[in-house]
Amino acid sequence: MQDRAPWLHSSFYRFSPLADPVAVAAHLRELGTALAPGLLGSIVLAPEGISAAVAASPDELAAFELALQRSGHFGDAPLVFKHSAGRTPPFGRLKVSVKPEIVALDLPHAAGLLPPDEHDDSHLSPAAWRALLDREDVVLLDNRNHFEWRLGRFRGAIDPGVQHFRDFVAFVEAQAPQWRAEHKTVAMYCTGGVRCDKTAPWMRSLGLTVLQLDGGILNHLHSMPDAERDWEGECYVFDKRIALDARLQETATEAGAVFDPSLPDEAWRLARARRLDES
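Residues numbered from 1 in each chain as written. Predicted model: local features only at pLDDT ≥ 70, side-chain atom pairs only at ≥ 80, totals over all residues. Heavy atoms only, no water.

1. Observations concerning the pairing of strand β1 (residues 7-15)
Rules: Throughout, exposure labels follow a simple rule: accessible area from a 1.4 Å probe, protein chains only, divided by the maximum for the residue type, with under 20% read as buried, over 50% as exposed, and the rest as partly exposed. Strands are runs of DSSP state E lasting at least 2 residues, helices are runs of H or I lasting at least 4, and numbering of each runs from the N terminus. Only strands joined by at least two bridges in the DSSP assignment are considered to pair.
Summarising burial for β1: nine of the nine residues are buried, a large majority. Across the two faces of β1 the burial is the same, with Trp7, His9, Ser11, Tyr13 and Phe15 and Leu8, Ser10, Phe12 and Arg14 all buried. Where β1 lies against strand β4 (residues 82-86), five bridges are found, and the strand directions are antiparallel. Residue pairing for β4: Ser11 is matched across the bridge by Lys82. As paired elements, β1 and strand β3 (residues 49-56) share eight bridges and run antiparallel to each other. Looking across to β3, one finds that Arg14 is bridged to Ile50.

2. Concerning the environment of Glu136
In this fold, Glu136 is placed in the loop between α3 (126-132) and β7 (138-142). With 48 residues separating them in the primary sequence, Glu136 and Lys184 have C-alpha atoms 8.7 Å apart.

3. Remarks on the sheet that holds β7
Note the following rule: We call two residues in contact whenever any of their non-hydrogen atoms come within 4.5 Å of each other. All axes are obtained by fitting lines to C-alpha atoms, using only the stretch in contact for helices, and the reported angles, taken between N-to-C directions, cover 0 to 180 degrees.
The strand order across the open sheet built from four strands is β6-β10-β9-β7, with neighbouring strands paired in parallel fashion. Edge positions in the sheet fall to β6 (123-124) and β7, since each of these pairs with one other strand and no more. Where β7 meets strand β9 (residues 185-189), five bridges bridge the pair, whose relative direction is parallel. In the strand pairing of β9, Leu141 is matched with Met188. Relative to β7, helix α5 (residues 165-181) is tilted by about 175 degrees, and along the sheet it contacts β7 and β9. The strands touched by helix α6 (residues 194-205) within the sheet are β6, β7, β9 and β10 (209-213), with β10 carrying the most contacts at an inclination of about 170 degrees.

4. Topic: the pattern of salt bridges
As a reminder of what qualifies: Any carboxyl oxygen of Asp or Glu within 4 Å of a side-chain nitrogen of Lys or Arg constitutes a salt bridge here.
A full pass over the atoms with the stated rule returns 16 salt bridges. For Asp142, the salt bridge goes to Arg144, with nearest N and O atoms at 2.8 Å. Beyond isolated ion pairs, a larger network of salt bridges with shared partners links Arg130, Asp134, Arg155, Asp226, Arg229 and Asp230.

5. Quick look at the nonpolar core
To be explicit about the condition: In plain words, nonpolar cores are sets of buried Ala, Val, Leu, Ile, Met, Phe, Trp, Tyr and Cys residues tied together by side-chain atoms within 4.5 Å.
Core analysis: the largest hydrophobic core is formed by 28 residues, its most contacted members being Leu141, Phe168, Val172, Trp179, Trp202, Met203 and Leu208. Put simply, the parts of the chain that give this core at least two residues each are β1, β7, α5, β9 and α6. Take this core: its biggest share by element is seven residues, from α5.

6. Side note on the sheet that holds strand β5 (residues 94-98)
Strand order in the open sheet made by the five strands is β4-β1-β3-β2-β5, with mixed pairing throughout. Looking at the sheet topology across the chains shown, the edges are occupied by β4 and β5. With direction set aside, neighbouring strand axes in the sheet form an average angle of 10 degrees. Where strand β2 (residues 40-46) lies against β5, five bridges are found, and the strand directions are parallel. The residue bridging Ile43 from the neighbouring strand is Val96, located in β5. Set on the sheet, helix α1 (residues 21-35) makes contact with β2, β3 and β5; between it and β2 the angle comes to about 160 degrees.

7. With respect to α5
Along an α-helix, a turn takes 3.6 residues, which lines up residues three or four apart on a common side. Operational definition: For a helix, the expected span equals 1.5 Å multiplied by the residue count minus one. Fitting one axis to the seven residues ending at a residue and another to the seven starting there, the bend at that residue is the angle between the two axes.
Here α5 is 17 residues long and its end C-alpha atoms lie 25 Å apart, about the 24 Å a rise of 1.5 Å per residue gives. The largest bend along α5 reaches roughly 40 degrees and is located at Gln175, with the proline Pro177 sitting one to four residues downstream. Listed in full, the buried residues belonging to α5 are Phe165, Phe168, Val169, Phe171, Val172, Ala176 and Trp179. Of the surrounding elements, those touching the buried residues of α5 are β7, β9 and α6. Among the residues trailing α5, His183 stands out with phi positive, at a value near 55 degrees.

8. Things to note about the packing of aromatic side chains
Put simply, the test is: Pairing of aromatic rings covers Phe, Tyr and Trp, the last through its six-membered ring, and needs centres within 6.5 Å; plane angles under 30 degrees mean stacked, over 60 mean edge-to-face, and all others mean tilted.
Scanning the entire structure with this criterion turns up 14 aromatic pairs. Considering the side-chain rings of Phe147 and Phe238, the 6.4 Å spacing of their centres and the 70 degrees angle between planes classify their relative orientation as edge-to-face. With a gap of 91 residues between them, Phe147 in helix α4 (residues 146-151) and Phe238 in the loop between β12 (235-236) and β13 (243-244) connect regions that are remote in the sequence. We classify Phe147 as buried; its relative accessible area is 1%. With a centroid separation of 6.5 Å and an interplanar angle of 80 degrees, the aromatic rings of Tyr189 and Trp231 are classed as edge-to-face. Linking Tyr189 in strand β9 with Trp231 in strand β11 (residues 231-233), this pair joins segments that are 42 residues apart in sequence. Considered together, Tyr189 and Trp231 belong to a single accessibility category, that of buried residues. Taken together through their ring pairs, the aromatic side chains of Trp129, Phe154, Tyr189 and Trp231 make up a single cluster.

Dropping the structure here:
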């Protein structure tokens, strides 16, 4: 029998207006110190809500999540925590920061877009997503970076070739006329869902019909015992574990096998990953 992994990783987000994100950040630091002194990771707060990836022992993480849920900062609906285990300490410290946005995508005409809605009926359950993969009227769009698609993807997924998010915007704008003319539904996915939720209103403003995988790749791999039917390769995660397999198990993949040093945007990611590993 294998020993239980010492680290439990949790990723979550919520689009919920915060009148004073600086005060909320201070409160979350206090919660971490009091309830989970071993908590590591990154928590980003902004006027639009929270996005976080943290890790601790299972007991400390449970205490922190419960206090966060009860804090009342993020509305009445339960926060959805996506968990995965690992043996590598995924982060070096806990950082709680306040930024203008929880995910900055620099979308065109962003001020005039509808706010993200993480609960609307465009979100498909993992089972519904599996059924959609075989539909001929659907464009399956990977809303992540090129290196993430290269490492692993849903079968049939299109790679927009993203080295910077502006590449995704340019790709969608170029393809949208044909997708509309062919009456295609665009079904997109990302790692945890936040990037898709932020992007969906902009894509709809282009006249596209948009569906998205609820909870992203992590939710699909967690929910489907046979997720390898749909998922090919590994899922990149932005921490020291580097990658997870279709059963959310940490793999032996190292950063050197993920990033192409001949590409400038990947070269700095590789250098950063190696610095983090050394630390």
